[in-house]
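Structural description and commentary
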Amino acid sequence: MNPYILATLLFGLGLGTTITFASSHWLLAWMGLEMNTLAIIPLMAQHHHPRAVEATTKYFLTQATAAAMLLFASTTNAWLTGQWGIQQMTHPLPTTVIILALSLKIGLAPVHSWLPEVLQGFDLTTGLILSTWQKLAPFALLLQVQYANPTLLIILGLTSTLVGGWGGLNQTQLRKILAYSSIAHLGWMILVLQFSPTLTLLALLTYLIMTSSTFLVFKLNKATTINTLAISWTKTPALTCLAPLILLSLGGLPPLTGFMPKWLILQELTKQELPCTATLAALTALLSLYFYLRLSYAMTLTMAPNNLPGTAPWRTSPSQLTLPLATSTMLTLLLLPIAPSMTTLLSL
């Protein structure tokens, strides 16, 4: 792609998200979401592969449906209450429709079916943008309307953690596994959204860091299936040692960074006298942990069925920048010791 066109599209992507962040009016927020969608579509379809074009079409139709629902609900709210402000949602009907529309935008269960299929059609770089940056604008809106329907948020959160763990069990494609991982993590954030928005932001931040490092590891190894992970030790032996730790951090095992948000979320749910919800969420985390362990096993404890000379690649210098990978990997593995500081900040 022409670098000027790429820069323009990335600028549009950033501007759309920024407009949504800064808006207090539903029309401005809707405009930012539309700019965001229209800017990423050429990035998705740039390879002209039939699968990429199909995934781009699915993504466009899904996002257009969610945007139409958002516009309809905000207009209905203005008609019923006379208010266009995002924080002035008082009527239950438009509020519920808006929460469902934003859930469709970010891929929460039970409106998640598009996400694994769409992510499977893209390369890992576009998948990284879709799994991280594209979640920010809808989350900014969800943070502002979260108090309206607490029961719906808990149902969406629990369903997402369950579907995210259950759906990834029988997958062999890494991008689909990461899509279900994304659904499960978003479910954890939605669960605690109404009780502690700052804790949701902490979980979102750690999710962005861990997902970025996972995508960058797979991109450096050019891995798209579990089988290709088995020969990654011949390409990047040091990274193959660190990759299982990154995956286990995504699964939420101590003493890694991913344990911190899960621990604090379970603690908050227990404080809010929701022990059954906390127990269900912890049990669904075990489902997710299984397929992270499966990937770790494929990388470190299995060997490809061919001899060493057949798997040794050419030692060419990598074309990918390794600084983002090194930074995100370090943050993915080593942030747990600052958990006391985080809890102090959250209690202020």
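Keep in mind it's a predicted model, so treat the numbers as computed, not measured. Sequence order as written defines the numbering, with residues in each chain counted from 1. Local features in a predicted model are, by the rule used here, given only for residues with pLDDT of at least 70; side-chain atom pairs are given and counted only at 80 or more, and totals for whole chains, interfaces and linings are based on all residues. For the side-chain quantities, the full set of heavy atoms in the structure was used; hydrogens and water were omitted.

1. Notes on the environment of Leu202
Definition in use: Going along the chain from the N terminus, every DSSP run of H or I of four or more residues is numbered as a helix, and every run of E of two or more is numbered as a strand. Throughout, exposure labels follow a simple rule: accessible area from a 1.4 Å probe, protein chains only, divided by the maximum for the residue type, with under 20% read as buried, over 50% as exposed, and the rest as partly exposed.
Counting through the fold element by element, Leu202 comes out in helix H10 (residues 197–221). Look at Leu202 and you get buried, because its relative accessible area is 7%. When the C-alpha atoms of Leu202 and Asp123 are compared, they prove to be 28 Å apart, with 79 residues separating the residues in sequence.

2. Describing the packing of helix H14 (residues 259–271) against helix H15 (residues 275–300)
Each packed pair of helices is defined by two parameters, the angle between the axes and the distance between the axes. Put simply, the test is: Helix axes are fitted only over the stretch in contact, all axes being lines through C-alpha atoms; the angle between N-to-C directions runs from 0 to 180 degrees. Roughly parallel covers angles under 35 degrees, roughly antiparallel covers those over 145, roughly perpendicular covers 65 to 115, and oblique covers all other angles. Throughout, a residue-residue contact means that at least one pair of heavy atoms, one from each residue, lies within 4.5 Å.
Interaxial distance between H14 and H15 falls to 8 Å at its minimum, and their mutual angle equals 155°. By the criterion of interaxial angle, the relationship of H14 to H15 is roughly antiparallel. Contacts between H14 and H15 involve Lys262, Leu266, Leu269 and Thr270 from the former and Thr277, Ala278, Ala281, Ala282 and Ala285 from the latter.

3. Quick look at the environment of Ile338
By secondary structure assignment, the location of Ile338 is in the loop between helix H17 (323–334) and helix H18 (339–347). Ile338 gets classed as partly exposed once you look at its relative accessible area, which sits at 34%. Distance from Ile338 to Met260, taken between C-alpha atoms, is 9.1 Å for residues 78 residues apart in sequence.

4. Describing the UniProt feature "transmembrane region" (unreviewed entry) in the chain
Under the convention used in this document: UniProt positions are given in the numbering used here, feature names are shortened, and annotations may be inferred rather than shown by experiment.
The UniProt feature table records "transmembrane region" (unreviewed entry) at residues 60–80, 92–115, 147–165, 177–195, 201–218, 238–257 and 277–293. Counting secondary structure, residues 60–80 comes out at 100% helix and 0% strand; the distance between its end C-alpha atoms is 30 Å. The straight-line gap between the two end C-alpha atoms of residues 201–218 is 26 Å; of that span, 100% is helix and 0% is strand.

5. Notes on the pattern of salt bridges
Where charged atoms of side chains with opposite charge meet at close range, the side chains can pair. Using the following cut-off: What makes a salt bridge here is a side-chain nitrogen of Lys or Arg within 4 Å of a carboxyl oxygen of Asp or Glu, nothing more.
Counting across every chain of the model gives two salt bridges. For Lys58, the salt bridge identified is with Glu54, shortest N-O distance 3.0 Å. Residue Lys58 and its partner Glu54 are both found in helix H3 (residues 50–81); the two are separated by four residues, about one turn of the helix. Given the relative accessible area of 32%, Lys58 is considered partly exposed. Take Glu54: its relative accessible area is 44%, and that puts it in the partly exposed class. One salt bridge in this structure joins Lys176 and Glu117, with 3.3 Å as the shortest N-O distance. Placement of the pair is Lys176 in helix H9 (residues 174–192) and Glu117 in helix H5 (residues 114–120), with a sequence separation of 59 residues.

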